[in-house]
Amino acid sequence: MIYYGADYYPEHWPEDRWAQDARLMQQAGFNVVRLAEFAWSQMEPAPGRYDFAWLDRAIDVLAAHGIRVVLGTPTASPPPWLMHNRPELFLVREDNSRATYGGRREYCPTHPLYRTHARQIAQAMAEHYHANPNVIGWQIDNEFGDRCYCENCRAAFQDWLRARYRTLDVLNRCWGTVFWSHEYTAWEQIPVPLANAVISNPGLDLDYRRFISATYVSLQQEQIAILRQRCPDQFITHNFMGFKYDKLDYFDLAEPLDLVTWDNYPRGFWSNEAAPPALLALSHATMRGLKRQNFWVMESQSGITGWQTMGAAPRPGEIRLWAYQAIAHGADGIVFFRWRTARFGAEQFWHGILDHDGQPRRRYAEVAALGSELQRIAAALEATETRTEVAMLLSYDSRFAFQIQPNNPDFDYATHLYDYYAALHRQHIAVDIVGPHADLSGYRMLIVPALYILPDNLAEKLEAFVEGGGTVVLTTRSGVKDFHNTVVDRPLPGLLSTLCGATVDEYDSLYQGSSIPIQAAGNSGITGAATVWCDILVPETAEVLATYGSDFYMGRPAITLNRYGKGRAFYVGTVGDRRLVDSVVRYVLSALNIRPPLKAPEDVEIALRWQADQPLIFALNHSSDTREVALEQPYVDLITDQPVGPVLTLPPKGVAILAPGETRS
C-alpha cells in the first residue's frame, strides 16, 4: 500500500471549511494526513488543561472521507505559557547568544522542565488517542535538532563524560589535554566548545557533538517509551531532513523508530533550479539506509517555498516526478507539505497544494492525477523492496570531525561522499547508504569516503569484508584519527595500511582551485585531476593504477589496488574532479561486472524495486526534453497498462514503471 496525503492544519481554518477540504482530499486519492505537530497551545491552552475536542472533530471529518491520521507530538514549538519569563528554557547558540521566543525549535534539549512538559503532552495525547482506529501512527516532534551550548547543557555534558570516561585521568589521556596545559582536575572545569574560543580541543569538540546527538536520541526516547506503552498498535516515526542535515547521528536517532520519514524540498528557496536528481536520490538512499527498510516522505514539496522571500514554483510535472523518484528509491508514503498555504504566521509564503484562497488549481490537478495513478498501481507495488550490490559508508563521527577540522578550506565531507554517489547514479547503479554498524555481508562493493575517524572494530570489519571477497574503495584522509579524534602514531592510512597494501609517504594540500593531472598506469584508464588533497603513496603489496602528473611528486602513485584475501581494496589518494571520480567508479564496476538494469541517458534516472523475484524498473526523465531508452525485451508500463518497446519514449518530466512481459500479469 502506498500512503498518500498531505500535512493538514485544521486549527488554521474555520471549522465549516474542514468538510470541503476532506472532500477535495478524497477526490485526490488521499488516504492519510499528518496533524497537530505544531498545535501544542491548542491542545494544552494552559498547564495541565487539555482540549482535544476540536482535533477529535477534525479526525472524524477526515475519517468520513476515508482518510486516516498520523499525529505529531507538538514539542518542537512550546507555547508561550511555558516559555514566558523562563530564559533558561531557551537554547544558547554556538556564539553564546540565547534564542528568544517567536520561532520554533528554540528550546534547550536538556532542560528538565521542558522535558517534563514534553512528556506530559505526549502522555495526554497517547491516553486520548490510543484506541482511536483512525490514528495509525505518531511523529515525534519535528525535525530535531539544533545544538545548545547553555550552562544546563554544559552540566549535562560533564555528566555524560563522567559516565563515558569514568575518571579524569582517562579523559585527559584520550583528549591529550597536556597540550596547552588543559589537564582537568575536576569535571566542572570542562567547557563547551563555544565559537568565541580561539580553537577547542578536537577531542572535546567531537565528544560535544556526540553528546548533543545523544541528547536528542534520549529526548525522543522519552516520548517513544510513553507511546510504546500506551499505543502499541500505532507506528512511531520522526521526520528527518535528508542527507544534507549534519548535526545529529541519524543512524542513532532512527534505531528505535518503526520507520523513517523525511522532508523533501527539491526546489527550496535558494535557486531557480531544482536540486540535482542525484542529490535527491542520495537523500532517499540515506533515509532508506538508516534502518535498511522502506520509508515515507512526510513533507514533499508541493508549491513555492520561502519565509521572507520565495523560491521558484515547481514546474509542471515536477511534483509527480519527485513523488515517483521517492517511490522508486523505497518510499511507501508520500505526504505533501502542505494542504493549503497559511494566511498568517512565519510560513505565509511556504505554499501548499492549494493557495491562500483554498481554490484547486494546477498543483491540485497534478496531485489528484497522481493519486489516481497510485490507486491503479498499488497492488503492483505491494511488498516491494530495493536491493543493491553496492553500498557507501556514511560516518557521522568523521562528518562531525571534519566540521571541526576540514583539513583544507575547500574540503567538505558531504560533497566528497556525494561526488561518488553521483558517479554511481550516472551509471544507473543502485546504492545503499549504511552506517559503521551495518551488516556488510550482502554487498559486493563498498565505497568508504574519507573515513577520518577510524575505531579499531571498524577497521577489523572492513578487513573481514574484503578478506571474504568484498571490494572496498577507500579515499584520502582515511584512518587519520582514532575514536577520540587523536591522530594515529603510524603511517597513514593507519589501521587500514595492511588492507590497502600501501602507505602515505607525504601529502599536499591544494588551495584556491588548483589541481594536479592524474595519469593512468598500465591499462587502468583512470584519468582526471587531483583536487584539494594529494596523498603520495608508497605501494608495498598494492598495484599502482594512476600517478600524479606534475609538481614535486610527479610520477608518484596516487591510486592503488591491493588484493587481500578473496577481495580487493582500492585507495584513492585524492579528492578528484568529476572525470577522475567517474573513471574510478567505472573501473571498479567493470572489474566486478556490475551493470545497470537499462542503459539510458544521464538525465534519465533508472531505479529498481523488487516484488519477490519480479523486478520493476522505474525510468524517470528529469530533463525538460523528450528522452528515449532502448529496451532489450518487452515490457509493460504499469502506469498506462500498455506494452512498451523496443524503445521507451519519455516526455519531459515523464515517468514509466516497467514490468517484464508483453501483458500485465
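See the structure printed just above.
Scope of this entry: the structure provided in the associated data block.

Focus on the overall build of the protein
A count of helical and extended segments in the protein gives 17 helices and 27 strands. Taking 2.2 N^0.38 as the reference for a compact globule, 665 residues should give roughly 26 Å; the C-alpha atoms of the protein span a radius of gyration of 26 Å, in line with that estimate. With the C-alpha coordinates of the protein rotated into their principal frame, the extents come out at 75 × 75 × 40 Å. Looking at the protein, you have 59 positive and 76 negative side-chain charges, and the mean spots of the two groups are 2 Å apart.

Quick notes on the sheet that holds strand β21 (residues 604–611)
If you walk across this open sheet you meet the five strands as β21-β22-β27-β24-β25, and the pairing is antiparallel. One side of each edge strand has no neighbouring strand; the edge strands of this open sheet are β21 and β25 (642–644). The mean inter-strand angle of the sheet, taken between neighbouring strand axes irrespective of direction, is 35°. Taken together, the three bridges between strand β24 (residues 635–637) and β25 define a ladder with antiparallel strand orientation. Bridge pairing links Y635 to V644 in β25. Packed on one face of the sheet, helix α11 (residues 318–328) meets β21, β22 (614–621) and β27 (655–660) and runs near 150° to β22. Running over the sheet, helix α12 (residues 362–381) touches β21, β22 and β27 and is turned about 55° from β21.

Looking at the packing of helix α8 (residues 202–230) against helix α13 (residues 396–404)
Look at α8 against α13: their axes get within 10 Å of each other, and the N-to-C directions meet at 130°. Regarding the angle of α8 to α13, the classification is oblique. Note on packing geometry: the crossing formed by α8 with α13 is right-handed. Contact with α8, carried on its side by P202, D205, L206, R209 and R210, involves D397, F400, A401, Q403 and I404 of α13 and no other residues of that element. A class-by-class count of the residues in the contact of α8 with α13 yields five nonpolar, one polar and four charged.

Here we look at the packing of aromatic side chains
Applying the stated rule across the entire model yields 36 aromatic pairs. Ring plane angle 80° and centroid distance 6.4 Å describe the contact between F90 and Y101, whose orientation is recorded as edge-to-face. Of this pair, F90 sits in the loop between α4 (80–83) and α5 (112–129) while Y101 sits in the loop between α4 and α5, and the two are 11 residues apart along the sequence. Its relative accessible area of 38% is what places Y101 among the partly exposed residues. Ring plane angle 35° and centroid distance 5.1 Å describe the contact between Y507 and W533, whose orientation is recorded as tilted. Of this pair, Y507 sits in strand β14 (residues 502–509) while W533 sits in strand β17 (residues 533–539), placing them 26 residues apart in sequence. On the basis of relative accessibility, which here comes to 7%, the residue W533 falls in the buried class. Three or more aromatic residues joined by ring pairs form one cluster here, namely F240, Y245, Y250, F251, Y396 and F400. R147 extends its terminal NZ or CZ atom over the ring of F400, reaching a point 5.5 Å from the ring centre. When the ring centre of W13 is taken as origin, the NZ or CZ atom of R340, which lies over that ring, is 3.7 Å away.

Details of the side chain of S478
One can find S478 in the loop between β13 (471–475) and α16 (497–500). Exposure remark for S478: the relative accessible area of 1% places this residue in the buried category. Beyond its immediate sequence surroundings of up to four residues, S478 is in contact with V448, A450, L451, Y452, P493, L496 and Y571.

Describing the nonpolar core
By size, the foremost hydrophobic cluster in this structure holds 211 residues, and its most contacted members are F30, L71 and Y324. Per-element accounting of this core gives the leading share, 11 residues, to α8. Setting aside residues no more than four positions away along its own chain, Y324 makes contact with L370, E373, L374, I377, F618, L620, I639, V655 and I657. Counting residues in each nonpolar core, the second largest holds 14 residues, with I606, I617, A619 and L631 among its members.

Re α11
Taking burial as the measure, the 11 residues of α11 include 11 buried ones, the bulk of the element. Residue G330 follows α11 closely and has a positive phi angle near 120°.

Concerning the sheet that holds strand β10 (residues 390–393)
If you trace the nine strands from one edge of the open sheet to the other, you get β11-β10-β12-β13-β20-β19-β18-β15-β16, paired in mixed fashion. Unpaired on one side and paired on the other, β11 (431–434) and β16 (528–531) mark the two borders of the sheet. Taking each pair of neighbouring strands and ignoring which way they run, the sheet shows an average axis angle of 25°. Summarising the sheet, strand β19 (residues 557–564) and strand β20 (residues 567–572) pair through six bridges and their orientation is antiparallel. When the bridges of β20 are listed, R563 appears paired with R568.

What about the pattern of salt bridges?
Applying the stated criterion to the full structure yields 36 salt bridges. Between R267 and E318 there is a salt bridge whose closest N-O contact spans 2.8 Å. Highlighted residues: R267 in the loop between β7 (261–264) and α10 (277–291) and E318 in helix α11, separated in sequence by 51 residues. The same class applies to R267 as to E318, namely buried. Residues R363 and D355 are paired through a salt bridge, measuring 2.6 Å at the closest nitrogen-oxygen approach. This pair shows no difference in class: R363 is buried, exactly as D355 is.

Some details on the environment of A186
Take A186: it is sitting in the loop between α7 (168–175) and α8. The partly exposed category is assigned to A186, whose relative accessible area is 23%. In this structure the C-alpha to C-alpha distance between A186 and T167, which are 19 residues apart in sequence, comes to 9.8 Å.

So, how was this worked out
Residues numbered from 1 in each chain as written. Predicted model: local features only at pLDDT ≥ 70, side-chain atom pairs only at ≥ 80, totals over all residues. Heavy atoms only, no water. Helix = DSSP H or I, 4+ residues; strand = E, 2+ residues; numbered from the N terminus. Rg over C-alpha atoms; globule rule 2.2 N^0.38 Å. Lys, Arg positive; Asp, Glu negative; His and termini not counted. Charge placed at Lys NZ, Arg CZ, Asp CG, Glu CD. Pairing = 2+ DSSP bridges. Axes fitted to C-alpha atoms, helices over the stretch in contact; angles between N-to-C directions. Contact = heavy atoms within 4.5 Å. Parallel < 35°, antiparallel > 145°, perpendicular 65-115°, else oblique. Left-handed = near helix turned anticlockwise from the far one by under 90°. Nonpolar A, V, L, I, M, F, W, Y, C, P; charged D, E, K, R; others polar. Phe/Tyr/Trp six-rings, centres within 6.5 Å; stacked < 30°, edge-to-face > 60°. Buried < 20%, exposed > 50% of the residue type's maximum accessible area, 1.4 Å probe, protein only. Lys NZ or Arg CZ within 6 Å of the ring centre and 35° of its normal. Core = buried A, V, L, I, M, F, W, Y, C linked by side-chain atoms within 4.5 Å. Salt bridge = Lys/Arg side-chain N within 4 Å of Asp/Glu carboxyl O.

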